[in-house]
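Listed below are the residues making up each chain.
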Amino acid sequence: MALIRLHQVAKTYSRGVYTVAALRDINLELEKGEFLSIMGPSGSGKSSLMHILGCLDTPSQGQFYLEGVDVSSLDRDALAQIRNEKIGFVFQQFYLLPRLSALENVEMPLLYTRLAASLRSVRARQALAQVGLAGREEHLPSELSGGEQQRVAIARALINNPVLLLADEPTGNLDTATGLEIMALFQQLNQEQELTIILVTHDPDIAAFSSRLLMLRDGLIISDHPNPAMPVRPARS
Ligand SMILES: Nc1ncnc2c1ncn2[C@@H]1O[C@H](COP(=O)(O)OP(=O)(O)O)[C@@H](O)[C@H]1O
Ligand SMILES: [Mg+2]
């Protein structure tokens, strides 16, 4: 069973008397462990697609199956629950809380779970170590570089063990070298922990880190193929 299956998904927004067809006929399957980059010009529907994949919005038409469950018809509360349990988000802005330490920022999503405080802290320390920030637990965001702040945001996204990590222009606020370091981290999380990642980017050098490249134009998929530069993953026994 595919982790994700979109079947004839369309998204239209109404603006007064006009309607905008942001996504028109999207068919997509993604297996667990894939690393997909979505590219396309501004207005091509990238964010609309990410919002549907992230259960932040539902399709106007068609179905979205996540782990075999049709989530396209769920209500807001059910969507929120799936989002909290299954999906991690990383954005261009890091959205860290400025008065909280790195550790406290990473712990935030666990406050809504029943996990004991001591376990929350252990888990958050592990997540920070995973992104290369062991020793920075007590730093405030303002005491960290942009790349370090994005690492904190990635640790926060991973803290609930999501089945899917969504990243919308995650290197957009970083200089080139730091952006490439963040991409190397995503690649490592994908290859070593089989984390499934879907990323939106304008930049072909950023997309080059993923194993599959999808191009959108005018709400349609115009190409979808493996990244020829990536080694073929050996079949698992
Ligand atoms: N909430 C909205 N209301 C009305 N139109 C929208 C809304 N969100 C996106 N659109 C329109 O849908 C199209 C696709 O937008 P979007 O998915 O944000 O594309 P991208 O992320 O590739 O720039 C654009 O024409 C945009 O103006
Ligand atoms: Mg966008």
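Here the structure is shown first, and the text comes after it.
Residues numbered from 1 in each chain as written. Chains lettered and ligands numbered in written order. Predicted model: local features only at pLDDT ≥ 70, side-chain atom pairs only at ≥ 80, totals over all residues.

**Student:** Looking at this model, I keep getting lost on the overall build of the chain. Mind explaining?
**Tutor:** Tallying secondary structure elements over the chain gives 7 helices and 10 strands in all. In terms of its C-alpha atoms, the chain occupies a principal-axis envelope of roughly 50 × 45 × 40 Å. A total of 237 residues make up the chain; the buried ones form 37% of that total. (Helix = DSSP H or I, 4+ residues; strand = E, 2+ residues; numbered from the N terminus. Buried ≥ 20, exposed ≤ 12 C-beta atoms within 10 Å, placed from the backbone.)

**Student:** Help me understand the site of ligand 1 in this model?
**Tutor:** The environment of ligand 1 is made up of Y13, R15, V20, A22, G40, S42, G43, S44, G45, K46, S47 and S48. Of all the secondary structure elements, the ones that give two or more residues to the shell around ligand 1 are β1 (4-15), β2 (18-30) and α1 (46-53). Looking at the shell around ligand 1 residue by residue, the class counts come to 3 nonpolar, 7 polar and 2 charged. (Near = placed C-beta within 6 Å. Nonpolar A, V, L, I, M, F, W, Y, C, P; charged D, E, K, R; others polar.)

**Student:** What is the right way to read the environment of S211 from this model?
**Tutor:** Note on placement: S211 falls in the loop between α7 (204-207) and β9 (212-217). A count of 20 C-beta atoms within 10 Å places S211 in the buried class. As a C-alpha pair, S211 and N27 span 184 residues in sequence and 19 Å in three-dimensional space. When neighbours within four sequence positions are excluded, S211 is seen to be in contact with E34, F35, P226, N227 and M230. (Contact = placed C-beta atoms within 7 Å.)

**Student:** Looking at this structure, I do not really get the sheet that holds β2. What am I missing?
**Tutor:** Ordered in space as β2-β1-β4-β5, the 4 strands form an open sheet in which the pairing is antiparallel. Each having just a single partner strand, β2 and β5 (69-70) make up the two edges of the open sheet. Here β1 pairs with strand β4 (residues 61-66) via 5 bridges, running antiparallel. Among the inter-strand pairings, R5 is bridged to a residue of β4, identified as Y65. (Pairing = 2+ DSSP bridges.)

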